[in-house]
Amino acid sequence: QVQLVESGGGMVQTGGSLRLSCAASGRTFSMFAMIWFRQAPGKEREFVAAISWNGGSRYYADSVKGRFSISRDDAKNTVYLQMNSLKPEDTAVYYCNAQFLGGAYQYEPGNFDSWGQGTQVTVSS
């Protein structure tokens, strides 16, 4: 099992950019698909993006496709979420999670039992 710590959130104006990081503990990071989720105030947690365990595939929610990019650096045990052209509706707490030998597809947040503290992203209009 990996432990995850998200960082990089902040407040930006519409159209701005942020890069989120998720640092993982453990020596088996490279064997985990990494997934980003987000939860806006008053809404359920939702899938944002995933990268397969071998980094060969990526999958995005329609709402972020073309604006967000997920990547991983296995040497640093870190997954990134580059967010460009941010919109007020991207405002949320962003969380990462991991799936052993997982692929890149739309994951359900209800399938994960453990979560980090998340990182807050606020986009002002």
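Scroll up for the structure.
Let me begin by describing the structure that accompanies this report.

What counts, and where the lines are drawn
- Residues numbered from 1 in each chain as written.
- Predicted model: local features only at pLDDT ≥ 70, side-chain atom pairs only at ≥ 80, totals over all residues.
- Heavy atoms only, no water.
- Helix = DSSP H or I, 4+ residues; strand = E, 2+ residues; numbered from the N terminus.
- Rg over C-alpha atoms; globule rule 2.2 N^0.38 Å.
- Buried < 20%, exposed > 50% of the residue type's maximum accessible area, 1.4 Å probe, protein only.
- Contact = heavy atoms within 4.5 Å.
- Areas by Shrake-Rupley, 256 points an atom, 1.4 Å probe, with all protein chains shown as cover.
- Lys, Arg positive; Asp, Glu negative; His and termini not counted.
- Charge placed at Lys NZ, Arg CZ, Asp CG, Glu CD.
- Patch = residues over 30% accessible without salt bridge, like charges linked within 9 Å, V, L, I, M, F, W, Y side chains within 5 Å.
- Salt bridge = Lys/Arg side-chain N within 4 Å of Asp/Glu carboxyl O.
- Disulfide = S-S within 2.5 Å.
- Core = buried A, V, L, I, M, F, W, Y, C linked by side-chain atoms within 4.5 Å.
- Pairing = 2+ DSSP bridges.
- Axes fitted to C-alpha atoms, helices over the stretch in contact; angles between N-to-C directions.

1. Observations regarding the overall build of the protein
Next, step 1: Along its length, the protein carries zero helices and 10 strands.
Next, step 2: Taken over the C-alpha trace, the protein has a radius of gyration of 13 Å; the compact-globule value for 125 residues is 14 Å, and the two agree within 12%.
Next, step 3: Counting only C-alpha atoms, the protein reaches 40 × 25 × 25 Å along its principal axes.
Next, step 4: Counting the 125 residues in the protein, one finds 44% classified as buried.
Next, step 5: Expressed as a percentage of contacts within the protein between residues at least 6 apart in sequence, the contacts between residues at least 24 apart total 62%.
Next, step 6: Surface summary for the protein: the accessible area is close to 6,400 Å², and the carbon and sulfur share equals 45%.
Next, step 7: Counting 11 positive and 10 negative side-chain charges, the protein places the centres of these two groups 6 Å from one another.

2. Description of a nonpolar patch on the surface
Next, step 1: Taken together, the side chains of M31, W53, F100 and L101 make up a nonpolar region of the molecular surface, amounting to roughly 360 Å² of accessible area.
Next, step 2: Inspection of the secondary structure assignment puts W53 in the loop between β5 (46–51) and β6 (58–60).
Next, step 3: Taking relative accessible area as the criterion, W53 reaches 34% and is therefore assigned partly exposed.

3. Some remarks on the state of the cysteines
Next, step 1: In the structure shown here, the tally under the stated rule is one disulfide.
Next, step 2: One disulfide bridge connects C22 with C96, the sulfur atoms lying 1.9 Å from each other. Across the S-S bond linking C22 and C96, the dihedral sits near 55 degrees, which makes this disulfide right-handed. Of this pair, C22 sits in strand β3 (residues 18–24) while C96 sits in strand β9 (residues 92–100), and the two are 74 residues apart along the sequence.

4. So, the nonpolar core
Next, step 1: Among the nonpolar cores identified, the biggest contains 37 residues, and M34, W36, L81, M83 and Y94 are the most heavily contacted of them.
Next, step 2: Those elements that place two or more of their residues in this core are β3, β4 (32–39), β5, β7 (68–73), β8 (78–83), β9 and β10 (119–124).
Next, step 3: When near neighbours in sequence (up to four residues on either side) are disregarded, L81 contacts L18, R19, L20, W36, V48, A49, F68, S69, I70 and Y94.

5. Some thoughts on the sheet that holds strand β1 (residues 4–7)
Next, step 1: Judged by pairing direction, the sheet is antiparallel, and its four strands sit side by side in the order β1-β3-β8-β7 without closing on themselves. Looking along the sheet, the strands with just one partner apiece sit at the ends: β1 and β7. The mean angle between the axes of side-by-side strands here comes to 15 degrees, regardless of whether they run parallel or antiparallel.
Next, step 2: The sheet contact formed by β7 and β8 spans six bridges and is antiparallel. Along β8, the bridge assignment pairs I70 with L81.

6. Brief notes about the pattern of salt bridges
Next, step 1: Tallied over the entire structure, the rule returns five salt bridges.
Next, step 2: Among the ionic pairs, R38 bridges to D90, the shortest N-O distance being 2.9 Å. Of the two residues, R38 sits in strand β4 while D90 sits in the loop between β8 and β9, which places them 52 residues apart along the sequence.
Next, step 3: Where D62 meets K65, a salt bridge forms, and the shortest distance between an N and an O atom there is 3.0 Å.
Next, step 4: Sharing partners across several salt bridges, the network here consists of R38, E46, R67 and D90.

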